[in-house]
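Architecture and fold: a report
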Amino acid sequence: MTDQIIYLLYQTTIRLVVLLTALPFHEFAHAWAADKLGDPTARYQGRLTLNPFKHLDLMGSLLMLVAGFGWAKPVPINPRNFKNPKTGMALSAAAGPLSNLLLAYIGMILWKVVLYLQYPLGGGFLLSSLADIFQLIVLLNLGLAVFNLIPIPPLDGSRLFTVFLPPRQYFQLMQYERYIQLALFAAIFLGLLDRPLAFVQSYVFDGLDFLTGYVDILARAIIR
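Rules used throughout
- Residues numbered from 1 in each chain as written.
- Predicted model: local features only at pLDDT ≥ 70, side-chain atom pairs only at ≥ 80, totals over all residues.
- Heavy atoms only, no water.
- Patch = residues over 30% accessible without salt bridge, like charges linked within 9 Å, V, L, I, M, F, W, Y side chains within 5 Å.
- Areas by Shrake-Rupley, 256 points an atom, 1.4 Å probe, with all protein chains shown as cover.
- Salt bridge = Lys/Arg side-chain N within 4 Å of Asp/Glu carboxyl O.
- Helix = DSSP H or I, 4+ residues; strand = E, 2+ residues; numbered from the N terminus.
- Buried < 20%, exposed > 50% of the residue type's maximum accessible area, 1.4 Å probe, protein only.
- Polar contact = N/O pair within 3.5 Å; in protein donor to acceptor, adjacent residues only side chain to side chain.
- Core = buried A, V, L, I, M, F, W, Y, C linked by side-chain atoms within 4.5 Å.
- Phe/Tyr/Trp six-rings, centres within 6.5 Å; stacked < 30°, edge-to-face > 60°.
- Expected span 1.5 Å × (residues − 1).
- Axes fitted to C-alpha atoms, helices over the stretch in contact; angles between N-to-C directions.
- Parallel < 35°, antiparallel > 145°, perpendicular 65-115°, else oblique.
- Left-handed = near helix turned anticlockwise from the far one by under 90°.
- Contact = heavy atoms within 4.5 Å.
- Nonpolar A, V, L, I, M, F, W, Y, C, P; charged D, E, K, R; others polar.
- pLDDT = per-residue confidence, 0-100.

Examining a nonpolar patch on the surface
- A surface patch of nonpolar side chains, amounting to about 240 Å² of accessible area, comprises L102, I106 and L110.
- Considering the arrangement of structural elements, one finds I106 in helix 5 (residues 85-121).
- I106 sits in the partly exposed class, given a relative accessible area of 40%.

Structure below.
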């Protein structure tokens, strides 16, 4: 029982580290992309920052610590400031999940480096803990990226969806935004999205593993 409590505290601590990096970086990416595309709204409201306390949402943060996924306060974006509102919204929306994929990519490189260091250095608590941290960074950032690409408001995928959906139909759909959100939260808590999300996440994981394959090649060459 004591070991389980220690493990739970350990996992929660790692998730806290991810919470203070992945979600702020995600929202900063939205703000940065929107600002570069011509909308300074987020910058004027102090959201063009990596300061986690400017971005974190209480409920989303608690879910991240408990369930391993969550959300932050949405970055304010005014599409009227974009030269092409549809494209601007889509690119600024895509910036968030892409930032998490970038963090997952970097985390996988570091994870592999630490795993290979365990062989010549004989493992140990420090390297084992670092490997766990980087592994969870990879998995949680992948989870955030995949989850946020679901085309349902308030997730980023709904903004990307506007590129393919005519404005009239999109605004008709948004009339039911509150009910759609409730359905989404119900599906999350009932576990209805677990298998589909895990399926997609596994393929993205394999893709990152392939893209970081050069780390395996170099490490094995050095160890030999």
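Picking up after the structure, the text goes on.
Details of the side chain of S158
- Structurally, S158 can be placed in helix 7 (residues 156-161).
- Polar side-chain contacts of S158 include one of 2.6 Å to the backbone oxygen of L155.

Describing the nonpolar core
- In terms of nonpolar packing, the biggest core is built from 22 residues, with L23, M64 and W111 touching the most fellow members.
- For this core, the secondary-structure elements that each account for two or more residues are helix 1 (2-19), helix 2 (22-36), helix 5 and helix 6 (125-148).
- In terms of nonpolar packing, the next biggest core, distinct from the first, is built from seven residues, A31, A34, I77 and F82 among them.

A short note on the packing of aromatic side chains
- Scanning the entire structure with this criterion turns up two aromatic pairs.
- Their ring planes at 65° and their centres at 6.2 Å tell us that W111 and F205 sit as a pair that is edge-to-face. Taken as a pair, W111 in helix 5 and F205 in helix 10 (residues 194-211) lie far apart in primary sequence, 94 residues in all.
- What makes W111 buried here is its relative accessible area of 13%.
- A ring pair is formed by F199 and Y203, whose centres lie 5.0 Å apart and whose planes are at 65°; its orientation type is edge-to-face. Highlighted residues: F199 and Y203, both in helix 10, separated by four residues, approximately one helical turn.

Quick look at the environment of M64
- Note on placement: M64 falls in helix 4 (residues 58-67).
- For M64, a relative accessible area of 0% corresponds to the buried category.
- In sequence terms M64 and G143 are 79 residues apart; their C-alpha atoms lie 11 Å from each other.

Considerations on helix 2
- For helix 2, built from 15 residues, the straight-helix expectation of 21 Å at 1.5 Å per residue is met to within 8% by its first-to-last C-alpha distance of 21 Å.
- Those residues of helix 2 not exposed but buried are A22, L23, P24, H26, E27, A29, H30, A31, A33 and A34.
- At the C-terminal side of helix 2, G38 shows a positive phi close to 115°.

Regarding the environment of D209
- Checked against the element boundaries, D209 lands in helix 10.
- Taking relative accessible area as the criterion, D209 reaches 34% and is therefore assigned partly exposed.
- With 101 residues separating them along the chain, D209 and M108 place their C-alpha atoms 7.5 Å apart.

What to know about the packing of helix 1 against helix 6
- At a minimum axis distance of 10 Å, the contact between helix 1 and helix 6 shows a crossing angle of 55°. Taken as axis vectors, helix 1 and helix 6 run oblique relative to one another. In the crossing of helix 1 with helix 6, the sense of the turn from one axis to the other is right-handed. Contact residues: Y10, Q11, I14, R15 and V18 in helix 1; S129, D132, I133, L136, I137, L140 and N141 in helix 6.
- Considered class by class, the residues forming the contact of helix 1 with helix 6 number seven nonpolar, three polar and two charged.

A short note on the confidence of the model for the protein chain
- With 93% of its residues at a pLDDT of at least 70, the protein chain reaches an overall mean of 85.
- Considering each helix and strand of the protein chain separately, the mean pLDDT is smallest for helix 8 (residues 167-174), with a value of 69, and largest for helix 3 (residues 41-44), with 94.

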